[in-house]
Structures are given as C-alpha cells and as structure tokens.
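Structural overview
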Amino acid sequence: MDSKQNVLSRGLSQESEMAIYRQMLELNKEIAFEWDLKADRITCSPKWEERFGYPFGKGGVGKFATVTVYIHPDDVEVLKEAADRIRAGEKSDGVVVRVLDSSGRYLWNRIRATVHSDENGAPVSIVGLMADIDSDQQTSRELRAKAEQDSLTGLLNKDTTRTRVESYLASVSEEQRAALLIIDLDNFKDVNDT
C-alpha cells in the first residue's frame, strides 16, 4: 500500500491529507514547485527564497520562458529539453542546472519532476523538487581537477591532455585548421621531481 492510500485508509479528509503533505514539505530541504501548463505559471515553495536569497517571481518572473533568467546560460537548453520530455510523459531521473543566487553566484541543483494529467490523460501541470547539490558538485570538480592536473605545476597531465586534444580535433571540421604547440624543456623532469 503506498503512502497516499495509507493516509486515505485512515479516513482523513482531503484537507487533513494536504496538511500532512505540507508538513512533510516543510521538513524537506528541497524546493517544491508546480508548473501550471495551461496558464504557463510556475510557483515555488518558500524554500526558494531561503536558498537563493530572493523571492521566486521577482520582477514578474513566473512563466517558463522568463524563469530561465535564473538559470546559467549554458544550462537553459538542457532544462528546456528536460521539460519537453517530462511534458511528453517520459520518466526523468532529473536534470542538473545552475541557478543564480542573490550574490550573483550560480549554485548547482538537481531538478526532479513528473507530469500531472487530467482524467483524459492530458498534461495539466508538472510538479517536482529542486535539491541543493552545490557542495557535491564543487567537491566533484575539485577531485576531477586534482586527477587531471600535476600537483606541482598545475598543468594538465598526459592522459587529460591527450583526451582534450582528441576531443577538440574530433569537433573541428575538415575545413578548419588546428595547431598544437609542444614545448620541451630540458631536464624538466629532474626539476619537477626535486
């Protein structure tokens, strides 16, 4: 029996059930949101202001197209594609995006959402949660940097350099030119080792 059926089986009214869900959301550190697809209006729980330092909807923002002003420019397309997949009813494990806070920093978040449909199966809204994964992302980036760089010089190590060069060369067209400059410093290994 799922939790919703369990609550209803005790004979609680819909109002009592909603009060329980609200309390559960308050205990949760994630930001709850709903996107009303017909009105194209997004609302967020008060946790948004706690996390980012300003109220959601600042400056009249609330429609999906205007909400993207909060999102890092490199993540806007990723978010749009995820929203389209969810609206189409596809299952989503979440999307990772950076959201602007009041100090001008972008904080990493994982958004998980699902579509809510009417009795005819037509999408009515998208509901979901936004989790703070900023410290996890920062730690991951630091570990990746340590793995890719020489600790003494801060230069990329051999394997990382090879991977990045190959990736770049694969991305350029045959009409484009590319060059790689290699500098060989005599006895650098000895200097580096000592």
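So, here is what we can say about the structure in this document. Remember, it's a predicted structure, so these values are computed and weren't measured experimentally.

Moving on, we come to the nonpolar core. Counting residues in hydrophobic clusters, the biggest one holds 26 residues, and the most contacted among them are Trp48, Phe52 and Val99. Mapped by element, the contributors of at least two residues to this core are strand 1 (31-36), helix 3 (47-52), helix 4 (64-67), helix 5 (76-87), strand 3 (95-100), strand 4 (106-117) and strand 5 (123-132). The element that contributes the greatest number of residues to this core is helix 5, accounting for five residues.

Before going further, it helps to spend a moment on helix 7 (residues 158-171). The end-to-end C-alpha separation of helix 7 is 20 Å, in line with the 20 Å expected for 14 residues at 1.5 Å each. The N-capping residue of helix 7, defined by a side-chain oxygen 3.4 Å from the backbone nitrogen of Asp159, is Asn157.

Now for the pattern of salt bridges. Applying the stated criterion across every chain yields a total of seven salt bridges. Arg112 is paired through a salt bridge with Glu30; the nearest N and O atoms lie 3.0 Å apart. Of this pair, Arg112 sits in strand 4 while Glu30 sits in the loop between helix 2 (14-27) and strand 1, and the two are 82 residues apart along the sequence. For Arg112, a relative accessible area of 36% puts it in the partly exposed group. The salt bridge partner of Asp84 is Arg87, with a shortest N-O separation of 3.4 Å. Here the residue Asp84 and the residue Arg87 both occupy positions in helix 5, the gap between them amounting to three residues, near one helical turn.

A word on the sheet that holds strand 3. In space, the five strands of this open sheet follow the order 2-1-5-4-3, with antiparallel pairing throughout. This sheet does not close on itself; its edge strands, each paired only once, are strand 2 (41-44) and strand 3. For this sheet, the mean inter-axis angle between neighbouring strands, taken without regard to orientation, is 30°. Here strand 1 runs beside strand 5; their pairing, made up of six bridges, is antiparallel. Bridging from a neighbouring strand, Phe33 pairs with Gly128 of strand 5.

Before going further, it helps to spend a moment on the side chain of Ser45. Locating Ser45 in the fold gives a position in the loop between strand 2 and helix 3. Beyond its immediate sequence surroundings of up to four residues, Ser45 is in contact with Glu30, Ile31 and Ala32.

The full count for this structure, using the stated rule, is six aromatic pairs. Here the aromatic rings of Phe56 and Tyr70 are separated by 5.7 Å at their centres, their planes lie at 45°, and the arrangement is tilted. Placement of Phe56 in the loop between helix 3 and helix 4 and of Tyr70 in the loop between helix 4 and helix 5 is noted, with a sequence separation of 14 residues between them. Each member of the aromatic cluster is reached from another via a ring pair, and the members are Trp48, Phe52, Tyr54, Phe56 and Tyr70.

A word on the pairing of strand 1. Direction of pairing for strand 1 relative to strand 2: antiparallel, over a ladder of four bridges. Directly across from Phe33, in strand 2, lies its bridge partner Cys44. Linkage of strand 1 to strand 2, two consecutive antiparallel strands, is achieved through a turn of four residues, within which Asp40 is found at a positive phi near 50°.

Rules used in this analysis
Residues numbered from 1 in each chain as written. Predicted model: local features only at pLDDT ≥ 70, side-chain atom pairs only at ≥ 80, totals over all residues. Heavy atoms only, no water. Core = buried A, V, L, I, M, F, W, Y, C linked by side-chain atoms within 4.5 Å. Buried < 20%, exposed > 50% of the residue type's maximum accessible area, 1.4 Å probe, protein only. Helix = DSSP H or I, 4+ residues; strand = E, 2+ residues; numbered from the N terminus. Expected span 1.5 Å × (residues − 1). Polar contact = N/O pair within 3.5 Å; in protein donor to acceptor, adjacent residues only side chain to side chain. Salt bridge = Lys/Arg side-chain N within 4 Å of Asp/Glu carboxyl O. Pairing = 2+ DSSP bridges. Axes fitted to C-alpha atoms, helices over the stretch in contact; angles between N-to-C directions. Contact = heavy atoms within 4.5 Å. Phe/Tyr/Trp six-rings, centres within 6.5 Å; stacked < 30°, edge-to-face > 60°.

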